[in-house]
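Observations on the three-dimensional arrangement
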Amino acid sequence: MTRTFPTTFLWGAATAPHQIEGGNVGSDFWANEGRVPGMERSGDACDSYHRYREDMQLLAGAGCTAYRFGIEWARIEPEENLFSNAELAHYRRMIDTAVELGLTPVVTLHHFTNPRWFAERGGWLADDAVDRFTRYVEVVTRILDGVEWVVTMNEPNMLSMMTAMGRDMARNAAGGAAVGGGGEDWTSPTVDNGPRPVRLPTPDPEIGRIFVRAHHAARQVLRAKTSAKIGWSVANRAFEARPGGEERMAELSWVWEDLYLEGSAGDDFVGVQSYSVQYVDADGIEPYPDHPDNTLVGTAYRPDALGVAVRHTHEVTGLPILVTENGIATGDDARRIAYTTGALEGLAAAMADGITVHGYLHWSLLDNYEWGHWAPTFGLVAVDRETFVRTPKPSLAWLGGVARRGQL
Ligand code: BGC
């Protein structure tokens, strides 16, 4: 069955500054890479700080029409209240390059990383955290002229979990334990190869509420100073209840997602980010069952997750949707195409049922730094980590073809 998408539909891919730029030395994540056992370093990453034009050319050349990338707070404000005009100009050049190449820029203002000084002054748990973030956002509005889509914060729900992990690591360290906590090696919060609910903390709603405030404050500034559509992007777990797990699922949905989705009220759109489906029974979230099809981050192979996520997001928010991330960590590119085909089928079915979706941005354009690990490859394009040579995979041409035809 042929599925046709609207002609205005945005087709593209997404990245995040810390994962691709390289040399993000002023950030808290960089500082932790040197301290936490088992955490691989981002180093030069994909050197996209210098090679962003080539990256965008690959995407546009394939037939895509949009690129989601981020602005790195740690570069814009390397010391508190010291703003870098040179870095602002750098990101403005990225915006201009995207537009020149026919790519609609979707700009993220915060994607997990903070400036190191911010973290050292209490991070998101400090009294003036929201003011600090809003001041940065206000400065960034100087370069957002003409940008139509702004994501204030990426996955505040995952960030709540990461913030709690950071707090606990600091407490452990103060109590004499190794930084990294419990003597265990680092596992990225985005890597799911263990019983997550046991090993990693549930997002703390108290921290989540800080992000809702930060998002609203940023939105106010952006509304006053830009004409962009404003939203944030929420990691969607695409929960499915086992018989008897319905009540538990409703509780967990609120803690993991709905608090943040409700924080979207009044936005212009909401970003949906989805990778796999997760079962909930009466005892809580089930770890992903062992299966040969599991992805390189340990999640179940569930292309239908995107449809589930979009429908849930629609039910909670009623807002127009932009798929800001969806993809698969695999070494088998044919599998990536199969997964994405399934995901787009689910998306098209949700749209046919009347849900407004403005675009699909695949995670990720490049094989990049997966928050402490290099092995999980999500890219439409492979990157040689020594020479930085980019090698597009067949999935890039495939996605570009879907974009050109507007049809699956
Ligand atoms: C994040 C990305 C990450 C991706 C794959 C999302 O949680 O926004 O930064 O690389 O999922 O795990």
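Everything discussed here concerns the structure shown above.
This is a predicted model, so every value here is computed, not measured.

Conventions we followed
Residues numbered from 1 in each chain as written. Predicted model: local features only at pLDDT ≥ 70, side-chain atom pairs only at ≥ 80, totals over all residues. Heavy atoms only, no water. Pairing = 2+ DSSP bridges. Helix = DSSP H or I, 4+ residues; strand = E, 2+ residues; numbered from the N terminus. Axes fitted to C-alpha atoms, helices over the stretch in contact; angles between N-to-C directions. Contact = heavy atoms within 4.5 Å. Buried < 20%, exposed > 50% of the residue type's maximum accessible area, 1.4 Å probe, protein only. Near = heavy atom within 4 Å. Polar contact = N/O pair within 3.5 Å; in protein donor to acceptor, adjacent residues only side chain to side chain. Areas by Shrake-Rupley, 256 points an atom, 1.4 Å probe, with all protein chains shown as cover. Nonpolar A, V, L, I, M, F, W, Y, C, P; charged D, E, K, R; others polar. Phe/Tyr/Trp six-rings, centres within 6.5 Å; stacked < 30°, edge-to-face > 60°. Expected span 1.5 Å × (residues − 1). Core = buried A, V, L, I, M, F, W, Y, C linked by side-chain atoms within 4.5 Å. Salt bridge = Lys/Arg side-chain N within 4 Å of Asp/Glu carboxyl O.

**Focus: the sheet that holds strand E11 (residues 357–363)**
Taken in spatial order, the 8 strands line up as E1-E2-E3-E4-E5-E7-E10-E11 and close into a barrel, and their pairing is parallel. In this sheet, neighbouring strand axes are inclined to one another by 25° on average, regardless of whether the strands run parallel or antiparallel. Those strands touched by helix H3 (residues 48–62) are strand E1 (10–14) and strand E2 (66–70), and its axis lies near 155° from that of E2.

**Here we look at the pairing of strand E3 (residues 104–108)**
Burial within E3 is extensive, with 5 of its 5 residues counted as buried. On E3, burial covers both faces: Thr-104, Val-106 and Thr-108 on one face and Pro-105 and Val-107 on the other are all buried. As defined by bridge partners, E2 adjoins E3 across 5 bridges and the pair is classed as parallel. Paired with Phe-69 across the strands is Val-107, a residue of E3.

**Considerations on the site of the ligand**
Of all residues adjacent to the ligand, which total 13 residues, the nearest are Gln-19, His-111, Glu-155, Glu-325 and Glu-370. With respect to the ligand, the side chain of Glu-155 contributes an N or O atom lying 2.6 Å from an oxygen atom. Calculation on the ligand without its partners gives an accessible area of 310 Å², and the protein chains cover 96% of this total. Residues that form the shell around the ligand fall into these classes: 5 nonpolar, 5 polar and 3 charged.

**Side note on the packing of aromatic side chains**
Inspection of the entire model under this criterion finds 23 aromatic pairs. With a centroid separation of 5.1 Å and 45° between ring planes, the pair formed by Phe-5 and Phe-9 is classed as tilted. Residue classification places Phe-5 among the buried positions, given a relative accessible area of 5%. Aromatic ring contacts, followed pair by pair, group Trp-73, Trp-117, Phe-118, Trp-124, Phe-133, Tyr-136 and Phe-211 into a single cluster.

**Details of the environment of Ala-218**
If you trace the backbone, Ala-218 turns up in helix H10 (residues 205–225). With relative accessibility at 0%, the residue Ala-218 sits in the buried group. Separated by 80 residues in sequence, Ala-218 and Glu-138 place their C-alpha atoms 7.8 Å apart. What Ala-218 contacts, discounting residues up to four positions off in sequence, is Phe-133, Val-137 and Thr-152.

**Re the side chain of Thr-113**
Tracing the backbone shows Thr-113 in the loop between E3 and helix H6 (116–120). Thr-113 gets classed as buried once you look at its relative accessible area, which sits at 2%. Within the local environment of Thr-113, its side chain forms a polar contact with the side chain of Glu-72, the two groups lying 3.0 Å apart.

**Structural notes on H10**
In this model, H10 (21 residues) spans 30 Å end to end at C-alpha, consistent with the 30 Å of a helix rising 1.5 Å per residue. Inspection of H10 places Ile-207, Gly-208, Ile-210, Phe-211, Val-212, Ala-214, His-215, Ala-217, Ala-218, Arg-219, Val-221 and Leu-222 among the buried residues, and these make up the whole buried set. Sitting at the head of H10, Asp-204 places a side-chain oxygen 2.8 Å from the backbone nitrogen of Glu-206.

**Digging into the nonpolar core**
Among the nonpolar cores identified, the biggest contains 108 residues, and Ile-71, Trp-124, Val-310 and Leu-347 are the most heavily contacted of them. Counting residues per element, this core draws most heavily on H10, at 9 residues. Contact partners of Leu-347, with chain neighbours within four places excluded, come to Phe-5, Phe-9, Leu-306, Val-310, Val-323, Val-357 and Tyr-360. Among the nonpolar cores identified, the runner-up in size contains 15 residues, and Trp-149, Phe-269, Leu-361 and Phe-378 belong to it.

**Some points on the environment of Gly-400**
Relative to the helices and strands, Gly-400 is located in helix H14 (residues 394–405). Sequence-distant contacts of Gly-400, that is, excluding residues within four places in its chain, are made with Ala-62, Gly-63 and Cys-64.

**Things to note about the pattern of salt bridges**
In total, this model carries 25 salt bridges according to the counting rule given. Asp-96 serves as the salt-bridge partner of Arg-92, at 2.9 Å between the closest nitrogen and oxygen. Taken together, the residues Arg-92 and Asp-96, both in helix H5 (residues 85–100) and 4 residues apart, mark about one turn of the helix. Between Arg-167 and Asp-204 there is a salt bridge, with the nearest N and O atoms lying 3.5 Å from each other.

**Looking at H14**
With 12 residues, H14 should cover 16 Å at 1.5 Å per step; its first-to-last C-alpha distance of 17 Å lies within 8% of that length. Those residues of H14 that sit buried are Ser-395, Leu-396, Leu-399, Gly-400, Gly-401, Val-402 and Ala-403. Tucked inside the fold, the buried residues of H14 contact E1, H3, helix H13 (333–352), E11, strand E12 (381–383) and strand E13 (390–392). Of the residues trailing H14, Gly-406 is marked for its positive phi of about 65°.

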